[in-house]
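# Observations on chain architecture
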Amino acid sequence: MLSSLLFISLLILSLAILACLYRVLRGPSMADRITALDTIGINVIAIVAVLSMMLKTQAYLDIILLIGILAFLSTVAFARYIERGAVFKNEGDR
Amino acid sequence: MKEIVSSTAETGIGLLVLLGALLSALSAFGLLRLPDVYLRAHAATKSMTLGVFCVLSGAFFFFWYFDNYISARLLLGILFVFITAPVAGHLNGRAAYRTDVPLWEQSVQDELEPLLKGKKMNHEAKDMME
């Protein structure tokens, strides 16, 4: 019962990633693509959690934190890049 | 008795994870169908956060029940997603507005536009003065 429910959830999450991938490829503006990439990162977190439940191991739980931090940092960097043209910039001219 | 408890816990955890997956799918559907960056950001941040909360809390209860292990990493993951998802959504919407991504044609109100325009005018006036 539990393993089949987990398998169905894994399938649904992969379909969600596919839908986000369409938005990444197609998105009319750059901000659309960044939103979709952030959503893909959060989806991957959920997939890792489901996978660690299916394999009954706690070894993958560190990866959840790692992917969360990487997805957040990349989103912030991309947003700053399209807003100001640079990720790091001298703060004096704000 | 023990079997009943075990099967109930299994089903509950499975349904929690399934609910999270369905919420994620709903969020992806919104990302596909909504007409505008700002509306899409609404779908992506809100329901996505709830979906990953359901999946991660399902994993937390799973390891608590089957391994007798209270995972601080999963709790930290939930907390981190809850803190960072709104921040990322806000930064993204701000970047979209500042780079002149157009609103949906049927949007009713844009309260930010007069404020930003006034600020820009002030800057130009200051430049003229100097």
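Residues numbered from 1 in each chain as written. Chains lettered and ligands numbered in written order. Predicted model: local features only at pLDDT ≥ 70, side-chain atom pairs only at ≥ 80, totals over all residues. Heavy atoms only, no water.

## A closer look at the overall build of chain B
Worth spelling out the cut-off: Where helices and strands are cited, they refer to DSSP runs of H or I of at least four residues and of E of at least two residues respectively, numbered from the N terminus. The atom set for the radius of gyration is the C-alpha atoms, and the globule formula is 2.2 Å times the number of residues raised to the power 0.38. Only protein chains enter the calculation, and the probe is 1.4 Å; a residue is then buried if its accessible area is under 20% of its type maximum, exposed if over 50%, and partly exposed in between. Contacts are residue-level and defined by heavy atoms, with any inter-residue pair within 4.5 Å sufficient.
The helix and strand inventory of chain B stands at 4 helices and 0 strands. What you see in chain B, going N to C, is helices and strands ordered as α-α-α-α. A compact globule built from 130 residues would reach a C-alpha radius of gyration of about 14 Å, whereas chain B, at 22 Å, exceeds it by more than 25%. With the C-alpha coordinates of chain B rotated into their principal frame, the extents come out at 80 × 30 × 15 Å. Out of the 130 residues in chain B, the part that is buried amounts to 36%. Taking all contacts inside chain B whose residues are at least 6 apart in sequence as the whole, residues at least 24 apart take part in 60%.

## What to know about the UniProt feature "transmembrane region" (unreviewed entry) in chain A
All names here are of chain A. Which entries qualify depends on this criterion: UniProt positions are given in the numbering used here, feature names are shortened, and annotations may be inferred rather than shown by experiment.
The residues that UniProt annotates with the feature "transmembrane region" (unreviewed entry) are residues 6-25, 37-55 and 61-82. In residues 6-25, the share of helix is 100% and the share of strand is 0%. The end C-alpha atoms are 29 Å apart. Helix makes up 100% of residues 61-82 and strand 0%, and the two end C-alpha atoms of the span are 33 Å apart.

## Some thoughts on the nonpolar core
Definition in use: Side-chain atoms within 4.5 Å are what join buried Ala, Val, Leu, Ile, Met, Phe, Trp, Tyr and Cys residues into a set we call a nonpolar core.
Ranked by size, the top nonpolar core spans 33 residues in total, and within it Val50, Met53 and Ile64 of chain A together with Val52, Leu56 and Leu74 of chain B carry the most contacts. Of all the elements in the fold, those that place two or more residues in this core are α1 (2-26), α2 (30-54) and α3 (61-84) of chain A together with α1 (2-33), α2 (37-67) and α3 (72-98) of chain B. With residues up to four places along the chain from it excluded, the contact list for Val52 of chain B reads Ile42, Ile45 and Ala46 of chain A together with Val81 of chain B. Listed in part, the 9 residues of the second largest apolar core include Ala19, Val24 and Ile40 of chain A together with Ala44 of chain B.

## Things to note about the environment of Ala44 of chain B
On the secondary structure map, Ala44 of chain B appears in helix α2. What makes Ala44 of chain B buried here is its relative accessible area of 6%. C-alpha of Ala44 of chain B to C-alpha of Gly89 of chain B: the two residues are 45 residues apart in sequence and 8.2 Å apart in space. Each residue touching Ala44 of chain B, except ones within four places of it in the same chain, is listed here: Thr35 and Thr39 of chain A together with Ser27 and Leu31 of chain B.

## Considering empty space enclosed by the protein
Using the following cut-off: For cavity detection a 1 Å grid was placed over the protein atoms alone, and a set of points counts as a cavity when a 1.4 Å probe fits there but cannot get out; an open set counts as a pocket when protein lies on both sides within 12 Å along at least five of seven lines, with lining residues being those that have an atom within 4 Å of a point. Grid points are joined across faces, edges and corners, and a volume is the space filled by probe spheres set on the points. Charged means Asp, Glu, Lys or Arg here, nonpolar means Ala, Val, Leu, Ile, Met, Phe, Trp, Tyr, Cys or Pro, and polar covers whatever is left, Gly included.
Counted by the stated rule, this structure contains 2 cavities of 30 Å³ or more. By volume, the largest cavity amounts to about 80 Å³. Taken together, Asp38, Ile42, Ile45, Gly68, Ala71 and Phe72 of chain A together with Phe80, Val81, Thr84, Ala85 and Ala88 of chain B form the lining of the largest cavity. For the lining of the largest cavity, the secondary-structure elements that each account for two or more residues are α2 and α3 of chain A together with α3 of chain B. The residue makeup of the lining of the largest cavity, split by class, is 8 nonpolar, 2 polar and 1 charged. In this structure, the second largest cavity occupies an estimated 50 Å³ of space. Thr35, Asp38, Thr39 and Thr75 of chain A together with Ala41, Ala44, Thr45, Ala88, Gly89 and Asn92 of chain B together form the lining of the second largest cavity. Of all the secondary-structure elements, those providing two or more residues to the lining of the second largest cavity are α2 of chain A together with α2 and α3 of chain B. Residue composition of the lining of the second largest cavity, by class: 3 nonpolar, 6 polar and 1 charged.

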